[in-house]
Amino acid sequence: MRSIGLWRWTRHWIAVVDGRSMEPALRAGDRLLIRRCTPAQVRRGAIVVAREPLPILPVDRVIVKRVLAVPGDPVPRDRVPALRDVAGDVVPEGSLVVLGDNPAESRDSREFGYLDAGHLLGVAVRPMR
C-alpha cells in the first residue's frame, strides 16, 4: 500500500507522493497539484488521488493512480485480474479502474477491482517540481 500526504489549499490540494507505485512518472517526494472534481470529470489516463478502498491499517490513507477505464468503457479483463469474473461488459456508473505505473509496487484495481468513485478526492493538474 502506498500513500501520499495532502494539504488543503483553496479548491486545490498539494499532494506529496510517498511510495513507488507510480514510478517512473512520479517518485517519492514529488508534489502534485490536485484539483477537486466529480467522477464525471475524470478522463482515461488522468492521475487521480483517492481514499484507500480496502484499508489494511486503521489509518486513513490515500492512493495516487492512473485511470485506465471510466464508466461506459469496456471492462479491461485482460489487464485487471480482479475484474475477470465481474458481470457486464462495460465499467458501471460510479466506478473507475485505476492502475499504478509500476505494477510490481502497486496495490490497485488488479487487486481490489473497481474503485468506487465515491473514494475519489481529485485529479492531478500537474507535477510541481
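Rules behind the numbers
Residues numbered from 1 in each chain as written. Predicted model: local features only at pLDDT ≥ 70, side-chain atom pairs only at ≥ 80, totals over all residues. Heavy atoms only, no water. Core = buried A, V, L, I, M, F, W, Y, C linked by side-chain atoms within 4.5 Å. Buried < 20%, exposed > 50% of the residue type's maximum accessible area, 1.4 Å probe, protein only. Helix = DSSP H or I, 4+ residues; strand = E, 2+ residues; numbered from the N terminus. Contact = heavy atoms within 4.5 Å. Polar contact = N/O pair within 3.5 Å; in protein donor to acceptor, adjacent residues only side chain to side chain. Pairing = 2+ DSSP bridges. Salt bridge = Lys/Arg side-chain N within 4 Å of Asp/Glu carboxyl O.

> What am I meant to see in the nonpolar core here?
It is characteristic of soluble globular proteins that their nonpolar side chains tend to be buried jointly. Val42, Val48, Val67, Leu96, Val98 and Leu115 are the most contacted members of the largest nonpolar core, which has 14 residues in total. Looking at this core, the elements with two or more residues in it are strand S4 (47-51), strand S5 (62-69), strand S6 (95-99) and strand S8 (120-128). Sequence-distant contacts of valine 98, defined by excluding residues within four places in its chain, comprise Val48, Lys65, Arg66, Val67, Leu68, Asp108, Ser109, Phe112 and Leu115. Grouped together as the second largest cluster of nonpolar side chains are 11 residues, Trp13, Leu32, Val62 and Val64 included.

> I'm lost on unusual backbone geometry in this one. Help?
Trans peptide bonds make up the majority, and among non-glycine residues the majority have a negative phi. Across the junction of glutamate 23 and proline 24, the peptide omega takes the value 5°, indicating a cis bond. In this fold, proline 24 is placed in the loop between strand S2 (12-18) and strand S3 (31-35).

> Please clarify how the side chain of serine 21 should be interpreted in this entry.
Counting through the fold element by element, serine 21 comes out in the loop between S2 and S3. Of the residues examined, serine 21 reaches a relative accessible area of 3% and is grouped as buried. A polar atom in the side chain of serine 21 sits 3.1 Å from the side chain of lysine 65.

> What is the right way to look at the environment of valine 16 in this model?
When you line up the elements, valine 16 lands in strand S2. The spacing of valine 16 and leucine 32 is 16 residues in sequence and 6.4 Å in space, taken between C-alpha atoms.

> Which parts of the structure should I look at to understand the pairing of S6?
Side-chain positions along a regular strand alternate between the two faces of the sheet. Burial runs high along S6: five of the five residues are buried. Neither face of S6 is exposed, since Ser95, Val97 and Leu99 on one face and Leu96 and Val98 on the opposite face are all buried. As defined by bridge partners, S6 adjoins strand S7 (residues 115-116) across two bridges and the pair is classed as antiparallel. For serine 95, the partnering residue across the bridge sits in S7 and is aspartate 116.

> What is the right way to read the environment of glutamate 111 from this model?
Note on placement: glutamate 111 falls in helix H1 (residues 109-112). Within the structure, glutamate 111 has its side chain in polar contact with the side chain of arginine 107 (distance 3.1 Å).

> Would you mind showing me how to read the environment of alanine 46 here?
In this fold, alanine 46 is placed in the loop between S3 and S4. Under the relative-accessibility criterion, alanine 46 is labelled buried at 15%. Separated by 77 residues in sequence, alanine 46 and valine 123 have C-alpha atoms that sit 6.8 Å apart. Sequence-distant contacts of alanine 46, that is, excluding residues within four places in its chain, are made with Lys65, Arg66, Val67 and Val123.

> When you look at the pattern of salt bridges in this model, what are you seeing that I'm missing?
On inspection of all chains with the given rule, the structure shows eight salt bridges. The partner of arginine 44 in a salt bridge is aspartate 73, with the nearest N and O atoms 2.6 Å apart. With arginine 44 in the loop between S3 and S4 and aspartate 73 in the loop between S5 and S6, this residue pair connects regions lying 29 residues apart in the sequence. Across the pair arginine 107 and glutamate 111 runs a salt bridge whose closest N-O atoms are separated by 3.1 Å. Taken together, the shared-partner salt bridges in this structure form one network comprising Arg20, Glu23, Arg27 and Glu105.

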